[in-house]
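An overview of the molecular structure
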Amino acid sequence: MKGQVIIIGSGIAGLATAVRLAVAGYQVKVFEANAYPGGKLSNIALNGYRFDAGPSLFTLPEQVNELFSLAGKNPDECFEYLRVNTSGHYFYEDGTIFHAYADREKLAKELQEKLGLSNPKPFFDYLDKAKRKYVLMAPIFIERSLHRLKNYLNFATIKGIANIFRLDINRSMHQVLCHLNRHT
Ligand SMILES: Cc1cc2nc3c(=O)[nH]c(=O)nc-3n(C[C@H](O)[C@H](O)[C@H](O)COP(=O)(O)OP(=O)(O)OC[C@H]3O[C@@H](n4cnc5c(N)ncnc54)[C@H](O)[C@@H]3O)c2cc1C
């Protein structure tokens, strides 16, 4: 046993840290103010409806699977999820219902049919660009911890810096989206 660790909060961050530290040999205690674990990862039932308290979109399931694997559990036996075909449905006052399909071709068609997108090419370019940004930045900001100096001195970071002009760091999200709007 390496020692004791106390974690305040049983949100996904606290729980993931607790698993990693326990696997690393620490005795971990998690303290939670709420009567339930999960933090924002919970929901509220009201008048027959279910409201997410926080996340609705579950991205990167492999990160959760990794926690089970680290703890010596088979993720398939502990945690079940299904990939859905639509990430959400948007209801407009005029009766329009927009389905946010996960499939990009279907999503572009929906944008054309429901929201009047005339030319899908800028939309596909936008998705490709977002993907490029993610592929460049995930190894730096998601897969590494920035508090260690050695994590700044590696190929992924140098590649990210070399491609900094692709990242729109001087534009707000609104400006990036307006640029897309002008071309559709
Ligand atoms: C509206 C909304 C929508 C979101 N949508 C998405 C989404 O679609 N997809 C996605 O991936 N992410 C989404 N997120 C982000 C995601 O919810 C958070 O990143 C994640 O849940 C944060 O987890 P956490 O453990 O850091 O914090 P929290 O979930 O906030 O957990 C913190 C925990 O600490 C406890 N705590 C705090 N102080 C104390 C104390 N002093 N003593 C004891 N316990 C304490 C709290 O009660 C809580 O349980 C959304 C967030 C919000 C608000």
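Residues numbered from 1 in each chain as written. Predicted model: local features only at pLDDT ≥ 70, side-chain atom pairs only at ≥ 80, totals over all residues. Heavy atoms only, no water.

Here we take up the site of the ligand. Neighbouring the ligand are 16 residues; A13, E32, K40, P55 and L57 lie closest to it. Backbone polar atom of A33 to a nitrogen atom of the ligand: 3.0 Å apart, as the coordinates give it. Here an oxygen atom of the ligand and a backbone polar atom of K40 are 2.8 Å apart. Among the residues making up the shell around the ligand, the classes are represented as seven nonpolar, seven polar and two charged. (Near = heavy atom within 4 Å. Polar contact = N/O pair within 3.5 Å; in protein donor to acceptor, adjacent residues only side chain to side chain. Nonpolar A, V, L, I, M, F, W, Y, C, P; charged D, E, K, R; others polar.)

Only one face of strand β1 (residues 4-8) is covered, namely the one carrying V5 and I7; the face carrying Q4, I6 and I8 has none of its residues buried. As paired strands, β1 and strand β2 (residues 27-31) are joined by five bridges and run parallel to one another. If you follow V5 over to β2, its bridge partner there is V28. Taken together, β1, helix α1 (residues 12-23) and β2 constitute a β-α-β crossover, and its handedness is right-handed. (Buried < 20%, exposed > 50% of the residue type's maximum accessible area, 1.4 Å probe, protein only. Helix = DSSP H or I, 4+ residues; strand = E, 2+ residues; numbered from the N terminus. Pairing = 2+ DSSP bridges. Right-handed = clockwise from strand over helix to strand, strands pointing away.)

Turning our attention to unusual backbone geometry. The backbone phi angle of N47 is positive, close to 50°, even though this residue is not glycine. Mapped onto the elements of the fold, N47 is located in the loop between β3 (43-46) and β4 (49-52). Positive phi, normally seen in glycine, also occurs at D168, with a value near 55°. Tracing the backbone through its elements, the reader meets D168 in the loop between α6 (155-162) and α7 (173-182).

All right, on to the packing of helix α4 (residues 104-115) against helix α5 (residues 121-142) then. Close contact between α4 and α5 brings their axes to 10 Å; oriented N to C, the two are set at 140°. Taken together, the axes of α4 and α5 lie oblique to each other. Considering the relative orientation of α4 and α5, their crossing is right-handed. On α5, the residues touching R104, E105, L107, A108 and L111 of α4 are F123, F124, L127 and D128. A class-by-class count of the residues in the contact of α4 with α5 yields six nonpolar, no polar and three charged. (Axes fitted to C-alpha atoms, helices over the stretch in contact; angles between N-to-C directions. Parallel < 35°, antiparallel > 145°, perpendicular 65-115°, else oblique. Left-handed = near helix turned anticlockwise from the far one by under 90°. Contact = heavy atoms within 4.5 Å.)

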